[in-house]
Amino acid sequence: MATRTITDTDRDLIDEFTSAGQLYLQLPEDERRVRKHLRSSERPARRLSNMAARQQVARVAHGAYVFLPAGAKSLRQAADRRVLIAAALENRWSYYMGFASAIVDHGLTDESAGELYVGVGGSRLPKLDDLAGTPVHLTRVAYDNEERDGWLGVERKRIRGQTFYARSGIERTLIDALDRPQLCVRPELWVRAWERALREGDLDLPLLLDLARCRSRAVCARAALLLREAGRPREARLLIDRPLTGRVLFDASSTEPGKWPRDRDTGLLLNVPLQAINAWLEYGK
């Protein structure tokens, strides 16, 4: 049976990080800071493995450990989801918490997302299926600039002290929902997020339009439709100069076959009825 007995070495090591507001550590990134508290013959990985057995820390990914506060019976109970994402991915991967998780994190919905959604840059994805029992959905997201080293509209947010995480800003969150709605649970959630952001959020409309244009004409058309129905016809006209042709759905996550009416202005096939879209947009007013 695991014990919470803490040794002087454990306490000193934990204080090294938590006194500065760092809620996790990573190996090999933090190996030098760990070693200064150990005997020369002791391996940092072994010490952390023993601390995990004593429930002083919890392993969340290879070489990544979150500090557990006294009284916490499990990592899921103790750790903020943002801390879990940061511990697993900061310093190692180009990433951002986005999609349904960002909709929740920005307060654009009153619902909670039971799973985690993360965008990752580069040509491969980390092996990360869950964090503290919460399923994690990782998806590759192309960079926005020619240097292929970053995204427009991603912000670095402080959790506490020296602990930060990357999150899509409100504008990128809204555009991501139109581009990859399958990562945003269901249309009702992200349409209402648009309405709340337009009504309450400190929204940068020029950035929102630029992000839409960086994606595709289909995303521009979806954004234009929502802007028009939300009472922003001028901004809607800036995104689309002529209706789309072909089979472009409003909700791109749908795989159901069908014949839907075409929106006259945007050319989108309304596989979500316009009446339903307007009802969702009216929900928070």
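Please read these numbers as outputs of a predicted model, since none were measured by experiment. (Residues numbered from 1 in each chain as written. Predicted model: local features only at pLDDT ≥ 70, side-chain atom pairs only at ≥ 80, totals over all residues. Heavy atoms only, no water.)

1. Some thoughts on the environment of Ile-103
Here is step 1 of the chain: Examined against the element boundaries, Ile-103 turns out to sit in helix α6 (residues 99-105).
Here is step 2 of the chain: Considering only alpha carbons, one finds Ile-103 and Leu-189, 86 residues apart in sequence, at a separation of 8.5 Å.
Here is step 3 of the chain: Discounting residues that sit within four places of it in the chain, Ile-103 has contacts with Leu-108, Thr-109, Thr-173, Cys-184, Leu-189, Trp-190 and Ala-193. (Helix = DSSP H or I, 4+ residues; strand = E, 2+ residues; numbered from the N terminus. Contact = heavy atoms within 4.5 Å.)

2. With respect to helix α1 (residues 8-18)
Here is step 1 of the chain: Within the span of α1, buried status applies to Asp-10, Leu-13, Ile-14, Glu-16 and Phe-17. Projection of α1 onto a plane perpendicular to its axis shows the buried side chains occupying an angular sector of 150°, all on one side. (Buried < 20%, exposed > 50% of the residue type's maximum accessible area, 1.4 Å probe, protein only. Arc of directions from axis to C-beta.)

3. Structural notes on the side chain of Arg-33
Here is step 1 of the chain: Tracing the backbone through its elements, the reader meets Arg-33 in helix α2 (residues 31-35).
Here is step 2 of the chain: You can call Arg-33 buried: its relative accessible area is 16%.
Here is step 3 of the chain: Apart from residues no more than four positions distant in its own chain, Arg-33 is found in contact with Glu-16, Phe-17 and Gln-22.

4. Thoughts on the side chain of Arg-222
Here is step 1 of the chain: Here Arg-222 lies in helix α10 (residues 217-229).
Here is step 2 of the chain: Although Arg-222 is buried, it makes no salt bridge; Asp-179 carries the closest opposite charge, 5.2 Å away.
Here is step 3 of the chain: In this structure the side chain of Arg-222 is engaged in a polar contact, spanning 3.1 Å, whose partner is the backbone oxygen of Leu-178.
Here is step 4 of the chain: Setting aside its immediate chain neighbours within four residues, Arg-222 contacts Leu-178, Val-248, Leu-249, Phe-250, Ala-252 and Leu-268. (Lys, Arg positive; Asp, Glu negative; His and termini not counted. Salt bridge = Lys/Arg side-chain N within 4 Å of Asp/Glu carboxyl O. Polar contact = N/O pair within 3.5 Å; in protein donor to acceptor, adjacent residues only side chain to side chain.)

5. Focus: the packing of aromatic side chains
Here is step 1 of the chain: Evaluation of the coordinates by the stated rule reveals five aromatic pairs.
Here is step 2 of the chain: Relative to Phe-67, the ring of Phe-17 lies with its centre 5.7 Å away and its plane at 40°, an arrangement referred to as tilted. Of the two residues, Phe-17 sits in helix α1 while Phe-67 sits in strand β3 (residues 64-67), which places them 50 residues apart along the sequence. Pair check on accessibility: Phe-17 and Phe-67 agree, each one buried.
Here is step 3 of the chain: The interplanar angle of 35° and the centroid separation of 5.5 Å between the aromatic rings of Trp-190 and Phe-250 together place this pair among those described as tilted. Of this pair, Trp-190 sits in helix α8 (residues 187-199) while Phe-250 sits in the loop between α11 (233-239) and α12 (274-282); the two residues are 60 residues apart in sequence, bridging distant segments of the chain.
Here is step 4 of the chain: Among the aromatic residues, those joined into a ring-pair cluster are Tyr-96, Phe-99, Tyr-143 and Trp-151. (Phe/Tyr/Trp six-rings, centres within 6.5 Å; stacked < 30°, edge-to-face > 60°.)

6. Quick look at the sheet that holds strand β1 (residues 24-26)
Here is step 1 of the chain: Judged by pairing direction, the sheet is antiparallel, and its three strands sit side by side in the order β1-β3-β2 without closing on themselves. Strand pairing shows two members of the sheet lacking a second neighbour, β1 and β2 (57-61), which therefore form its edges. Ignoring strand direction, the axes of neighbouring strands in this sheet form an average angle of 30°.
Here is step 2 of the chain: Against the sheet, helix α3 (residues 44-53) contacts β1, β2 and β3, and its axis sits at roughly 115° relative to β2.
Here is step 3 of the chain: Each of β1, β2 and β3 touches helix α5 (residues 81-89); the most contacted strand, β1, lies at about 15° to it. (Pairing = 2+ DSSP bridges. Axes fitted to C-alpha atoms, helices over the stretch in contact; angles between N-to-C directions.)

7. Description of the nonpolar core
Here is step 1 of the chain: Core analysis: the largest hydrophobic core is formed by 80 residues, its most contacted members being Trp-194 and Phe-250.
Here is step 2 of the chain: In terms of residue count, α10 provides more of this core than any other element does, nine residues in total.
Here is step 3 of the chain: Aside from chain neighbours lying at most four places away, what touches Phe-250 is Trp-190, Val-191, Arg-222, Leu-225, Leu-226, Leu-268, Leu-269, Leu-270, Asn-271, Val-272 and Ile-277. (Core = buried A, V, L, I, M, F, W, Y, C linked by side-chain atoms within 4.5 Å.)

8. Describing the environment of Arg-167
Here is step 1 of the chain: The topology assignment puts Arg-167 in strand β9 (residues 163-168).
Here is step 2 of the chain: Each C-alpha atom of the pair Arg-167 and Ile-240 lies 28 Å from the other, and the pair is 73 residues apart in sequence.
Here is step 3 of the chain: Among residues more than four places away in sequence, those in contact with Arg-167 are Tyr-96, Met-97, Ala-102, Asp-105, His-106, Gly-153, Val-154, Glu-155 and Lys-157.
Here is step 4 of the chain: Of note is the side chain of Arg-167, whose polar atom sits 3.0 Å from the side chain of Asp-105.
Here is step 5 of the chain: A distance of 3.5 Å separates a polar atom in the side chain of Arg-167 from a polar atom in the side chain of His-106.

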